[in-house]
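Structural overview
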Amino acid sequence: MRKYIVQRILLSIVILFFVSLIIYTLMRCLPTSYIETVAREKSMQPGSKSYEEWMEQLTAMYNMDKGIVQGFFAWIGSMFRGEFGDSWKWTVPVADKFRDTVWVSFTMGAIAFVLEVIIAIPLGVIAATKQYSKADYTISVVALAGISLPTFFFASLLKLVFSVRLGWFDLYGLVGRNYEYLDSMGKIMDKANHLVLPVITLVVVSMGSLMRYTRTNMLEVLNADYIRTARAKGLSEKKVIYHHAFRNTLIPTVTILGGSLPALFSGALITETLFGIPGIGYASYYSMTAGDIPFSMFYLVFIAITTLLGNLITDILYAVVDPRVRVS
């Protein structure tokens, strides 16, 4: 196992290098350029230099006058020195902006992930054990609705009903207008109140696939020979389902759960933007639309690292939950 992990880590480093090169190339080819925007704004000021002169000066200032390959290796060198530069959009160090926003997204994503697992897996098991019943049809409809609903549509619907019509929640933001005047517990409750609708959105649009996946795997396990043998021995149906069948259903489910690691840190770009939650997804969206290469590069490479790490953890967990899987 140790040799296998080392090999996977080395392979991940190679993959990360080429992924980073592709990301950097795409960022340099963005149609929106922060430098062009700033040069245009400065050239319109009275008595200012021309647009072309400002472009030449700013391009040299931000090291954008180099070729893509040269610029990429210069960025790699700065990254190894722990120098990620300043965000052009947010005018603060990239690492500082990342730290300020990533924990908001992590908190929201972790809450949604726990609720998704608590709701989706038991409902998937119930749908499988009561196949073709009313409960199965109801759960299947709910799952398909969750899979089919676009995030922006469902989030807008929640805001229309619970914010505009009922007035239970604020439309945007992480804190209310009176946040500074609240005590410690009041501030916590205020933030929790603003996270209710975003968390509901994340849970509803994501739990459908896990629910269907659990149901499908549970049905496959329930039709296996060893389940029929367990029933023939006179074991109770509860023990057959939750002791024998459910444990084997978790084996393929681990793949989905392990792959959810990047989502906890990457943020929900659409959800955070629609609800105005200042998380990492919200910050990355406005950074990309502004052509903020330093922050966008840091964010995208971070997501690539967490994705590779999630795949590695999934492979290891597969061997842990399934004794038949061993790496020689």
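Here, every reference points to the structure presented above.
My aim in this report is to walk through the structure given alongside it, one point at a time. Please read all numbers here as calculations on a predicted model, not as lab measurements.

1. Overview of the pattern of salt bridges
For the structure on display, the rule yields five salt bridges. Notably, a salt bridge pairs E83 with R81, separated by 3.5 Å at the nearest N-O pair. Here E237 ties to R231 by a salt bridge, and the two come within 2.7 Å at their closest N and O atoms. With a relative accessible area of 38%, E237 lands in the partly exposed category. Under the relative-accessibility criterion, R231 is labelled partly exposed at 34%.

2. Structural notes on the packing of aromatic side chains
What characterises a pair of aromatic rings is the spacing of the ring centres plus the angle enclosed by the ring planes. Summed over all chains, the structure comprises 14 aromatic pairs. Pairing F17 with F73 gives two aromatic rings, centres 6.2 Å apart and planes at 45 degrees, and the pair type is tilted. Within this pair, whereas F17 is found in helix 1 (residues 2-28), its partner F73 is found in helix 4 (residues 68-80), the two being separated by 56 residues in sequence. Ring geometry for F162 against F169: centres 6.5 Å apart, planes inclined by 70 degrees, an arrangement best described as edge-to-face. Overall, F162 belongs to the partly exposed group, its relative accessible area being 25%. Three or more aromatic residues joined by ring pairs form one cluster here, namely F17, F18, Y24, F72, F73 and W75. Against the face of W90 rests K89, its NZ or CZ located 5.6 Å from the ring centre.

3. Brief notes about the nonpolar core
Within the largest apolar cluster, 24 residues are counted, with the highest numbers of intra-cluster contacts made by L195, V199, M211 and I277. Counting only elements with at least two residues in this core, the list comes to helix 5 (94-129), helix 6 (134-148), helix 7 (151-165) and helix 8 (184-222). The element best represented in this core is helix 8, accounting for eight residues. With residues up to four places along the chain from it excluded, the contact list for V199 reads M108, I111, A112 and L115. The next biggest cluster of nonpolar side chains, apart from the first, holds 18 residues, and it includes A39, W88, M297 and V301.

4. Structural notes on the packing of helix 1 against helix 4
Direction vectors running N to C along helix 1 and helix 4 enclose 120 degrees, while the axes themselves pass 10 Å from each other. Relative to helix 4, the element helix 1 lies oblique. In this structure, helix 1 meets helix 4 at a crossing whose hand is right-handed. Packed against helix 1, whose contacting residues are F17, S20, L21, Y24, T25 and R28, the element helix 4 presents I68, G71, F72, F73 and W75 at the interface. Grouping the amino acids of the contact of helix 1 with helix 4 by side-chain chemistry returns seven nonpolar, three polar and one charged.

5. Some words on the side chain of E272
Note on placement: E272 falls in helix 12 (residues 269-275). No salt bridge is formed by the buried E272; the nearest opposite charge belongs to K97, separated by 10 Å. At 2.9 Å, the side chain of E272 and the backbone nitrogen of G281 are in polar contact.

6. A short note on the side chain of E116
With respect to the secondary-structure elements, E116 resides in helix 5. One buried charge, E116, has no salt-bridge partner; the nearest side chain with opposite charge is R212, at 13 Å.

7. Digging into helix 13 (residues 280-289)
I280, G281, A283, S284 and S287 are the residues of helix 13 that are buried. Looking straight down helix 13, one finds its buried side chains confined to an arc of 160 degrees; they lie on one side. Of the residues flanking the end of helix 13, it is G291, one or two places downstream, whose phi is positive at about 75 degrees.

8. Concerning the packing of helix 6 against helix 8
At a closest axis distance of 7 Å, the pairing of helix 6 and helix 8 adopts a crossing angle of 135 degrees. Classified by the angle between their axes, helix 6 and helix 8 sit oblique to one another. With respect to the hand of their crossing, helix 6 and helix 8 are arranged in left-handed fashion. Only V204, V205, M207, G208, S209, M211, R212 and R215 of helix 8 make contact with helix 6, whose side of the interface consists of D136, I139, S140, V142, A143, L144, G146 and I147. Split by residue class, the contact of helix 6 with helix 8 holds nine nonpolar, four polar and three charged.

9. Focus on unusual backbone geometry
Phi at T91 takes a positive value of approximately 55 degrees, unusual for a residue other than glycine. Along the chain, T91 falls in the loop between helix 4 and helix 5. In this structure, Y132 takes a positive phi of about 70 degrees despite not being glycine. Assignment of secondary structure puts Y132 in the loop between helix 5 and helix 6.

10. Quick word on the environment of K191
As for its position among the elements, K191 is in helix 8. Relative accessible area serves as the criterion here: at 34%, K191 is assigned to the partly exposed category. In this structure, the C-alpha to C-alpha distance between K191 and I13, residues 178 residues apart in sequence, is 38 Å. In this view, K191 contacts L174, V175 and Y179; residues no more than four positions away in its chain are not counted.

Definitions and limits used
Residues numbered from 1 in each chain as written. Predicted model: local features only at pLDDT ≥ 70, side-chain atom pairs only at ≥ 80, totals over all residues. Heavy atoms only, no water. Salt bridge = Lys/Arg side-chain N within 4 Å of Asp/Glu carboxyl O. Buried < 20%, exposed > 50% of the residue type's maximum accessible area, 1.4 Å probe, protein only. Phe/Tyr/Trp six-rings, centres within 6.5 Å; stacked < 30°, edge-to-face > 60°. Helix = DSSP H or I, 4+ residues; strand = E, 2+ residues; numbered from the N terminus. Lys NZ or Arg CZ within 6 Å of the ring centre and 35° of its normal. Core = buried A, V, L, I, M, F, W, Y, C linked by side-chain atoms within 4.5 Å. Contact = heavy atoms within 4.5 Å. Axes fitted to C-alpha atoms, helices over the stretch in contact; angles between N-to-C directions. Parallel < 35°, antiparallel > 145°, perpendicular 65-115°, else oblique. Left-handed = near helix turned anticlockwise from the far one by under 90°. Nonpolar A, V, L, I, M, F, W, Y, C, P; charged D, E, K, R; others polar. Lys, Arg positive; Asp, Glu negative; His and termini not counted. Polar contact = N/O pair within 3.5 Å; in protein donor to acceptor, adjacent residues only side chain to side chain. Arc of directions from axis to C-beta.

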